[in-house]
Amino acid sequence: MNVIECNEVTKVYGGTKAVNYLSFTIKENTITGLIGRNGAGKSTILKLIAGHIKISSGELRVFSEQPFNSLKVSSNLMFVDENMVFPNSISLAAILKEVGKFYANWDEELANRLFQHFSFKENDRYDRLSKGKKSTFHFIVGLAARCSITIFDEPVNGMDASVRKDFYRAILKDYIDHPRTIIISSHLLTEMENLLEDILLIKDGEKCLHMSVPRLKEYAIGLTGASHVIEEWTDRSTVLYKKSLPNNYVYVVIENQLSRVEREQAKSNGVEFTQVSAEELCMMLTGNMTGGIDDVFNRN
């Protein structure tokens with residue numbers, strides 16, 4: 001069952017399209033990574049799903065309803081981002097007690113255990129927390145609420161490495177015991193790759209690809225060799241990335257569709273094959289098709 005259905009959705013701010021004819025679906029009880037570079041439109045997409053802002057055109061359904069001004073969506077969805085604000089007049093412990101009153105599936109015991117694990121003090125005030133501690137507190141609220149859809153928008157900002165590791169492990173452990181639909185946005189993939197089931201890759205408000213993580217890991221392959229040889233082997237392939245190398249050599253990344261026989265033939269012509277990680281592929285697809293930072297300094 002799809003809990004989110006997005007069909008040719010556009011969101012325009014002024015004259016700029018932050019989201020451009022975007023279409024995808026997300027099934028219930030899955031963990032999806034919304035991946036893209038800063039400014040790709042990730043936060044806008046998540047705010048549309050959460051009903052915080054209204055689409056400009058297209059059709060968006062969450063729980064089969066338009067999310068904007070939907071009581072059903074707002075009561076069954078948790079949106080966690082760095083713009084969450086809590087009162088400074090009461091302690092963090094009191095905040096957790098009050099927040100719990102708004103969510104039917106709130107797990108007070110889990111919230112308290114996480115609160116203690118991450119070394120919060122009951123009398124701490126929200127405005128005195130560092131950026132990383134605020135992100136961690138937001139995470140506790142988001143996880144303990146156990147909403148049918150839980151969205152974490154760039155949730156690890158400010159967290160140190162050990163806290164980020166605990167963050168991902170906690171999500172996975174609680175998800176196993178209490179499945180729900182979780183979306184985590186990030187411009188990085190490596191740290192949370194093993195947590196995710198699906199990847200939705202965004203560039204300039206448009207979908208680059210949407211597939212399972214295992215499929216993404218096998219989606220592309222790298223070829224290195226003499227330029228004229230590589231051209232022969234890529235003329236019928238979809239080239240995803242290309243970089244010139246010294247001595248008239250070239251490195252290309254193509255969709256992984258070559259047969260075993262074709263690979264052996266290419267190797268006999270001096271072509272070297274390399275694996276392309278999911279992180280590398282996402283960076284290539286959301287960056288420039290050719291070249292890199294080295295070309296900025298190339299004066300030839």
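Structure: above.
As the structure is a prediction and not an experimental result, all values here were calculated from the model.

Enquirer: How do you make sense of the sheet that holds strand β10 (residues 220-226) when you look at a structure like this?
Expert: Neighbouring strands of a sheet are bound in pairs by backbone hydrogen bonds; such pairs are parallel or else antiparallel. Spatial ordering of the open sheet is given by β11-β12-β10-β13, a layout of 4 strands whose pairing is antiparallel. On the outer flanks of this sheet lie β11 (239-245) and β13 (272-275), each paired with one strand and no other. Geometrically, the sheet is characterised by an average inter-axis angle of 20° between neighbouring strands, direction not taken into account. Here 4 bridges tie β10 to β13, and the two strands are oriented antiparallel to one another. Paired with G222 across the two strands is T274, which belongs to β13. Lying over the sheet, helix α10 (residues 278-286) contacts β10, β11, β12 (249-255) and β13, oriented at roughly 90° with respect to β11.

Enquirer: Honestly, the sheet that holds strand β6 (residues 149-153) in this entry has me stumped. Any pointers?
Expert: A sheet is described by the order of its strands in space; here 6 strands give the open sequence β5-β6-β7-β3-β8-β9, paired in mixed fashion. A single partner strand is all that each edge strand has here, and the edge strands are β5 (77-80) and β9 (206-212). On average, each strand axis in the sheet is tilted by 15° relative to the strand beside it, whichever way the strands run. Where strand β3 (residues 31-35) lies against strand β7 (residues 181-186), 5 bridges are found, and the strand directions are parallel. By the bridge assignment, L34 is partnered in β7 with S185. Across the sheet, helix α5 (residues 131-145) lies against β5 and β6, angled at about 165° from β5, the strand it touches most.

Enquirer: Help me understand unusual backbone geometry, please; the structure alone is not making it clear to me.
Expert: A negative phi angle is the norm for most residues apart from glycine, just as the trans form is the norm for most peptide bonds. You will see that N69, though not glycine, has its phi angle at about 60°, which is positive. Looking at the element boundaries, N69 is found in the loop between β4 (57-62) and α2 (71-75). The class of N69 is exposed, set by a relative accessible area of 70%.

Enquirer: What is the right way to look at empty space enclosed by the protein in this model?
Expert: Vacant regions in the atomic arrangement are exposed by a probe of water-molecule size rolled over the atoms. This structure, assessed with the given rule, holds 2 cavities of 30 Å³ or more. Considered as a void within the structure, the largest cavity measures approximately 50 Å³ in volume. Lining the largest cavity are V80, D81, E82, S135, H138, D153, E154 and P155. Of the residues assigned to the lining of the largest cavity, the class counts are 2 nonpolar, 2 polar and 4 charged. If you go around the second largest cavity, the residues you meet are C6, V9, V19, L22, I45, L48, I49 and L60.

About the cut-offs
Residues numbered from 1 in each chain as written. Predicted model: local features only at pLDDT ≥ 70, side-chain atom pairs only at ≥ 80, totals over all residues. Heavy atoms only, no water. Pairing = 2+ DSSP bridges. Helix = DSSP H or I, 4+ residues; strand = E, 2+ residues; numbered from the N terminus. Axes fitted to C-alpha atoms, helices over the stretch in contact; angles between N-to-C directions. Contact = heavy atoms within 4.5 Å. Buried < 20%, exposed > 50% of the residue type's maximum accessible area, 1.4 Å probe, protein only. 1 Å grid on protein atoms, 1.4 Å probe; cavity = no way out; pocket = protein on both sides within 12 Å on 5 of 7 lines; lining within 4 Å. Points joined across faces, edges and corners; volume = space filled by probe spheres on them. Nonpolar A, V, L, I, M, F, W, Y, C, P; charged D, E, K, R; others polar.

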